[in-house]
Amino acid sequence: MSKISPILPEGEDAVISIRGLRNAFGEQVIHENLDFDVKRGEIIGVVGGSGTGKSVLMRSIIGLQTPDQGTIEVLGEDMVGRDEDEAKNIRRRWGVLFQAGALFSTLTVAENVEVPLREYFHMSTRLMDEIASYKIAMAGLPANAGPKYPSELSGGMIKRAGLARALALDPELLFLDEPTAGLDPISAQNFDELILSLRSKLDLTVFLITHDLDTLYAICDRVAVLADKKVIAAGTIEQLLALDHPWIQEYFNGPRGRAAAAA
Amino acid sequence: MAGTATMDGGADDSNCYRVSGALTILRAATTEREIAAMDDGMTIDLSDVERMDTVGAWLVYRATRDRGAKVVGAREKITGLLEQVAEADQPVKVIPEQRGGIMGLVEEVGEAVVDTGRTFRGLVGFLGATLIGFYNVAKRPTKRFRLNAVVQRFDLVGVRALGIIGLMSFLIGIVIGQQGAVQLEAFGAEVYTINLIGRITTRELGTLMTAIMVAGRSGSAFAAQLGTMKLTEEIDAMRTIGVSPVEALVVPRMMAAVVMMPLLSFYAMIMAILGGGIFTWIALDIPPLTFIQRLREVTPMTDLWVGLIKAPVFGFIIALVGCFQGMQVEGDAEQVGLKTTAAVVQAIFLVIVLDAVFAVFFSSIGWL
């Protein structure tokens, strides 16, 4: 096994383990024979050109998209073909931040955070409100954001509120779909720092889809590259740079890539 | 792994709360109850805790904050978590503050009244903007008139409604015939069923039912389309390019509704009469020729005019309200739903109010 193989060597603790994944929409094949592992405790960035199926990969892992073929293991449990009740117990152990936040528009931010708590647990309203409060604070939102509706929030606040909801159940695994897209550089940097600090505080494994080169350099332990319907490589940026793949070279050695590396 | 640890947390005599195994969200409710049952100033012994999450940490932190509890035996990781939640301790309101009781009710009523007034004023303003739009288009028809858009709206509002409006009117014709026949039979006056069918469909129901159907089909569609375009900033984009949204979006829809309403209403009248005619033929043994002859004798031409004069006005109102509500959408997707509902409800309400006004008006000019 080379260092940049998407499959971890034996003995490593893989939180997500995908083998032989195939996804297709009609004639259009998105993934073919895709293998991929995510190590426990790491922040892994997933990159790839538009249309290479980054979001589809995430949706397959979290069970929103049923693959045509292949196995997906998350937290040691086989995800493909699970019935809804069993899947629910595994779902509770991860949190997802969707690209546009996907906050429930009829609920306030605090109520949004309480939705998963209500769904899975019976606890007193007081405790639930308190949990929502500190999650909102941990996501870096001010106290007055709690009773606001999503339509009253700015883009950055929506992402933070989405993050607070994703963290509601103390997940082991966090999926982030382009968390810094559409944020100004300062908010994006703050968000990066937030993810880093949450990871160290809460022992998270983070699966991060991003186009943001600064984010990749700043917080990712490893980067996985999606191209040619597969994860062609996964490793540190230095390891990837040593590869002779045109897309990778262009991506990291383009003007933006070099600017991010210099930062 | 979560939830597999065995837990035997509980109170012993010396006011010491000892938990072992996992202190996580899975036993949050139990832990909360157990801590509540302890005396103030308890000691919380965490030396046997193998796993803790922020919820467990919060419960312990809360006991130290509010109940004067002391924590012993916390490992480094757990101390870190306790610091985490202490740092994030900020009281947050879950829902916006609301006024309760009588004052709240008064406030709500007041808001509703102001809202209604604002909507009405907005509608009048929108009517003005639309008329200016029409004027601009009429002034330079070769340049401003969007034939494609108008024809497309004609198709959507008119042609595609033929099936459902035809079927509905046909059935209403049958219902009127049947209900009329049952009542009139008692007086041996079944033949007057034809009067009933002829006059009520041309004067009232043909136009009214069509208006309701158009409001439901097209008024709602106008509101939803414009509302979605507003959300996706398409309308702002139009403005910046220099295209007037009123001319490009509202005028074609208004024209379609105004032109199609009388045509659809006439078609609805014919279909209702057809339904009634077939019913009287089958149920009352009145042959079609007699039906037509009697229909011509008892239904004055003015009845048809009454129905057809109202139709374009109704169409205008439906399109106006639909487009107006669509343009009011702001914020989120939920608004599109709310405004679409408002468009249909207000359009039908206004149509019925106007219908009453027309009824009085036509009676007073002698078109009985």
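These numbers come from a predicted model, not from an experiment.

A. Structural view of the overall build of chain A. Helix and strand content of chain A: ten helices and ten strands. For chain A, whose C-alpha radius of gyration is 18 Å, the value lies close to the compact-globule estimate of 18 Å for 263 residues. Each principal axis of the C-alpha distribution contributes one length, and for chain A these read about 55 × 45 × 40 Å. Here chain A, with 263 residues, has 46% of them falling under the buried criterion. Taking the contacts inside chain A whose residues are at least 6 apart along the sequence as the reference set, 69% of them involve residues at least 24 apart.

B. Fine view of the sheet that holds strand S3 (residues 43–48) of chain A. Residues and elements named next belong to chain A. Taken together, six strands build an open sheet; the order of strands is S6-S7-S8-S3-S9-S10 and the sheet is mixed. Both outer strands of the open sheet, strand S6 (94–97) and strand S10 (230–235), are each paired with one neighbouring strand and no more. Strand-to-strand twist across the sheet, computed as the mean angle between neighbouring axes with direction ignored, equals 15°. Of the pairings in the sheet, the one linking S3 to strand S9 (residues 222–227) comprises five bridges and is parallel in character. Bridge pairing in S9 places Ile44 opposite Arg222.

C. Structural view of the sheet that holds strand S1 (residues 14–25) of chain A. All names here are of chain A. Judged by pairing direction, the sheet is antiparallel, and its four strands sit side by side in the order S2-S1-S4-S5 without closing on themselves. Here the strands that pair on one side only, and so sit at the sheet edges, are strand S2 (28–39) and strand S5 (77–78). As judged from the five bridges shared by S1 and strand S4 (residues 69–74), these two strands associate in the antiparallel manner. Note on S4: the bridge partner recorded for Ile18 is Ile72.

D. Expanded view of the interface of chain A and chain B. Facing the 29 residues of chain A at the interface are 26 residues of chain B. Contributing elements (two or more residues each) for the side of chain A that touches chain B: helix H3 (109–120), helix H4 (125–138) and helix H6 (185–202) of chain A. By residue number, the principal contributor to the side of chain A that touches chain B is H4(A), which donates ten residues. Grouping the constituent residues of the side of chain A that touches chain B by class yields 15 nonpolar, eight polar and six charged.

E. Spotlight on the pairing of S9(A). All names here are of chain A. Burial analysis of S9 places five of its six residues in the buried class, which makes it a mostly covered element. In this structure, S9 lies alongside S10, joined through five bridges in antiparallel fashion. Note that in S10 the partner of Val225 across the bridge is Ala233. In this antiparallel pair of consecutive strands, S9 and S10, the connection spans two residues, and Asp228 shows a positive phi of 50°.

F. Quick look at the packing of helix H8 (residues 193–231) of chain B against helix H13 (residues 333–364) of chain B. Residues and elements named next belong to chain B. Taken N-terminus to C-terminus, the directions of H8 and H13 make an angle of 150°; their axes are 8 Å apart at the nearest point. Compared by their axis directions, H8 and H13 come out roughly antiparallel. Considering how the two elements wind past one another, H8 and H13 form a crossing that is right-handed. Residues Leu208, Ala211, Ile212, Ala215, Gly216, Gly219, Ser220, Ala223, Ala224, Gly227, Thr228 and Leu231 of H8 form the contact with H13, whose participating residues are Ala333, Gln335, Val336, Lys339, Thr340, Ala343, Val344, Ala347, Ile348, Val351 and Asp355. The class makeup of the residues in the contact of H8 with H13 is 14 nonpolar, seven polar and two charged.

G. Expanded view of the packing of helix H7 (residues 162–185) of chain B against H8(B). All names here are of chain B. Packing of H7 against H8 brings their axes to within 10 Å, and their N-to-C directions diverge by 145°. The element H7 and its partner H8 pack so that their crossing is right-handed. Contacts between H7 and H8 involve Ile164, Ile165, Met168, Ser169, Ile172, Gly173, Ile176, Gly177, Gly180, Ala181 and Leu184 from the first element and Thr193, Leu196, Ile197, Ile200, Thr201, Leu205, Gly206, Met209, Thr210 and Met213 from the second. A breakdown of the residues in the contact of H7 with H8 according to their chemical character gives 13 nonpolar, eight polar and no charged.

H. Layout of unusual backbone geometry. Residues and elements named next belong to chain A. Phi at Leu75 takes a positive value of approximately 50°, unusual for a residue other than glycine. Relative to the elements of secondary structure, Leu75 occurs in the loop between S4 and S5. Positive phi values are uncommon outside glycine, yet Asp170 reaches one of about 50°. Structurally, Asp170 can be placed in the loop between helix H5 (155–166) and strand S7 (173–177).

I. Expanded view of the pairing of strand S2 (residues 16–23) of chain B. Residues and elements named next belong to chain B. Across seven bridges, the pairing between S2 and strand S3 (residues 43–52) is parallel. Counterpart to Gly21 in the pairing with S3 is Val49. Following the chain from S2 across helix H1 (residues 28–37) to the adjacent parallel S3, one finds a crossover that is right-handed.

What counts and how
- Residues numbered from 1 in each chain as written.
- Chains lettered and ligands numbered in written order.
- Predicted model: local features only at pLDDT ≥ 70, side-chain atom pairs only at ≥ 80, totals over all residues.
- Helix = DSSP H or I, 4+ residues; strand = E, 2+ residues; numbered from the N terminus.
- Rg over C-alpha atoms; globule rule 2.2 N^0.38 Å.
- Buried ≥ 20, exposed ≤ 12 C-beta atoms within 10 Å, placed from the backbone.
- Contact = placed C-beta atoms within 7 Å.
- Pairing = 2+ DSSP bridges.
- Axes fitted to C-alpha atoms, helices over the stretch in contact; angles between N-to-C directions.
- Nonpolar A, V, L, I, M, F, W, Y, C, P; charged D, E, K, R; others polar.
- Parallel < 35°, antiparallel > 145°, perpendicular 65-115°, else oblique.
- Left-handed = near helix turned anticlockwise from the far one by under 90°.
- Right-handed = clockwise from strand over helix to strand, strands pointing away.

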